[in-house]
Amino acid sequence: MSLTDTYNLSNGIKIPKIAFGTWQTPDGDIAYQSVKTALELGYRHIDTAQAYGNENSIGQAIKDTNISRDKLFITTKLWNQVIDFPSAQRAIDESLMRLKCDTIDLLLIHWPNPLATRPNFAERNSEVWRAMEEAVTAGKVSSLGVSNFQTHHLDALFKTATIKPVVNQIYCNPSDQQEEIVTYNNMHNLLTEAYSPLGTGEIFKIRALNTIAQKYDKTVAQVVLRWHLQKGYLPLPKSVTASRIKENTEIFDFNLSDGDMTFINQLHGALLPHKFPDNVQF
Ligand code: NDP
């Protein structure tokens, strides 16, 4: 197994099993350098979003690295002000322009019904989805997916979607394993993408993980990322530190035993529950 290994999405498209995360990676030098480093170290899947404000530098880094476009997988996400057909059409074209590419490999709705002041999530998601489908037909986007969707959001979307979502990107790590939505994803052929796979750095507070890491002569980050892969998830580790970007790729030369997988599975709830943004309404 290596960084170029892929999962098969339900639409037949292949997706690299690890993505390089870029939330809280400021546009400009930091985004440019970290993505360039990641690509040079072998990452082939970059996860960004309109809300991260860094599509521009990421597009530049991708361009300058000179890796052929068909070897790369780029994901971006429509942000919360995209709530109808025209705003979605516009936002897709703007992302393409900032990313400096002809096609987005995977386009996600970032949050369902994101703001408490905006009800009718089913209608809004369905209308935005129609513009996303049109972008697929026009060749601007290859695959469609969602993020932060709970089962009722997906139930509603499945009723109107002509092109089915292929992934659900959710908060997921050993302390917060999202069993209900992961089960739903599996039942509906949605690949689970695990965002904040290291709990935005919080996972390092779980001391029990040190024992497992020592046993394999690996770091805690490597053990946790390996756990994600063995669960069948697609983790999106973020780092702006070259040595960590590299460290997070060195997870293909060991296997966690069934016993250690079970041990990590039992760490659910080890940290305080994740706090989602106040303006998000599930
Ligand atoms: P992660 O869980 O990937 O953790 C990142 C943090 O851990 C950073 O502080 C980083 O530090 C540190 N870190 C990374 N690798 C190591 C290591 N080997 N050893 C020690 N520390 C390490 O955080 P995110 O919350 O950023 O999630 C990852 C990605 O998921 C995002 O970047 C984004 O692409 C996606 N995401 C999607 C969301 C959604 O709503 N769809 C929401 C949140 C995230 P440093 O950078 O300083 O090196």
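Residues numbered from 1 in each chain as written. Predicted model: local features only at pLDDT ≥ 70, side-chain atom pairs only at ≥ 80, totals over all residues. Heavy atoms only, no water.

Colleague: Got a minute to help me understand the site of the ligand in this structure?
Modeller: Close to the ligand lie 28 residues, the nearest being D47, S196, L198, S239 and T241. At 2.8 Å, a backbone N or O of W23 approaches an oxygen atom of the ligand. For the ligand, whose unbound accessible area comes to 920 Å², protein coverage reaches 89%. Residue classes in the shell around the ligand are distributed as 10 nonpolar, 13 polar and 5 charged. (Near = heavy atom within 4 Å. Polar contact = N/O pair within 3.5 Å; in protein donor to acceptor, adjacent residues only side chain to side chain. Areas by Shrake-Rupley, 256 points an atom, 1.4 Å probe, with all protein chains shown as cover. Nonpolar A, V, L, I, M, F, W, Y, C, P; charged D, E, K, R; others polar.)

Colleague: Teacher, can you tell me more about the packing of aromatic side chains here?
Modeller: Remark: the centre distance and the inter-plane angle together describe each pair of aromatic rings, the angle taken between the planes. Under the defined criterion, the tally for this structure stands at 4 aromatic pairs. Taking the centre distance of 5.7 Å and the plane angle of 55° together, the rings of Y216 and F254 count as tilted. Here Y216, found in helix α7 (residues 208–216), pairs with F254, found in the loop between α9 (242–247) and α10 (258–265); they are 38 residues apart in sequence, far enough to count as distant. Side by side, Y216 and F254 carry an identical accessibility label, which is buried. (Phe/Tyr/Trp six-rings, centres within 6.5 Å; stacked < 30°, edge-to-face > 60°. Helix = DSSP H or I, 4+ residues; strand = E, 2+ residues; numbered from the N terminus. Buried < 20%, exposed > 50% of the residue type's maximum accessible area, 1.4 Å probe, protein only.)

Colleague: Help me understand the nonpolar core, please; the structure alone is not making it clear to me.
Modeller: Proteins that are soluble and globular tend to have nonpolar side chains buried together. Counting residues in each nonpolar core, the largest one holds 86 residues, and the members touching the most others are L78, M132 and L256. Aside from chain neighbours lying at most four places away, what touches M132 is L78, I92, L107, L108, I109, L144 and G145. (Core = buried A, V, L, I, M, F, W, Y, C linked by side-chain atoms within 4.5 Å. Contact = heavy atoms within 4.5 Å.)

Colleague: How do you make sense of the environment of L209 when you look at a structure like this?
Modeller: Positionally, L209 belongs in helix α7. For the pair L209 and D27, spaced 182 residues apart in sequence, the C-alpha to C-alpha distance is 33 Å. Not counting chain neighbours up to four residues away, the residues in contact with L209 comprise I203, V220, V224, I264 and L267.

Colleague: Explanation requested: the sheet that holds strand β8 (residues 167–171) in the structure shown.
Modeller: For sheets, the rule is that strands pair by backbone hydrogen bonds, running either parallel or antiparallel. Read from one edge to the other, the open sheet built from 8 strands follows the order β3-β4-β5-β6-β7-β8-β9-β10, with strand pairing classed as parallel. Of all the strands in the sheet, the pair left with one neighbour each is β3 (20–21) and β10 (234–235). Inspection of the sheet shows strand β6 (residues 104–109) paired to strand β7 (residues 141–147) by 5 bridges, in the parallel sense. Within β7, the position partnered with L106 by the bridge is S143. (Pairing = 2+ DSSP bridges.)

Colleague: Any chance you could explain the layout of surface pockets here in plain terms?
Modeller: Using a probe with the size of a water molecule, rolled over the atoms, empty space left in the structure can be pinpointed. What the largest pocket holds in volume is close to 780 Å³. Around the largest pocket, the lining is made up of 39 residues, and of these W23, Q24, Y195, S196 and T200 lie nearest the centre. Split by residue class, the lining of the largest pocket holds 16 nonpolar, 17 polar and 6 charged. Its boundaries defined by the atoms lining it, the second largest pocket holds a volume of some 230 Å³. (1 Å grid on protein atoms, 1.4 Å probe; cavity = no way out; pocket = protein on both sides within 12 Å on 5 of 7 lines; lining within 4 Å. Points joined across faces, edges and corners; volume = space filled by probe spheres on them.)

Colleague: Can you help me understand the pattern of salt bridges in this one?
Modeller: Pairs can form between side chains of opposite charge once their charged atoms are near each other. Counted under the stated rule, the structure contains 9 salt bridges. In this structure, D105 engages R69 in a salt bridge whose closest nitrogen and oxygen atoms are separated by 2.7 Å. Taken as a pair, D105 in strand β6 and R69 in the loop between α2 (55–65) and β5 (73–78) lie far apart in primary sequence, 36 residues in all. For D105, a relative accessible area of 13% translates into the label buried. Taking the relative accessible area as the measure of exposure, R69 reaches 29% and is therefore partly exposed. (Salt bridge = Lys/Arg side-chain N within 4 Å of Asp/Glu carboxyl O.)

Bear in mind that shape data such as this cannot, by itself, settle questions of function.
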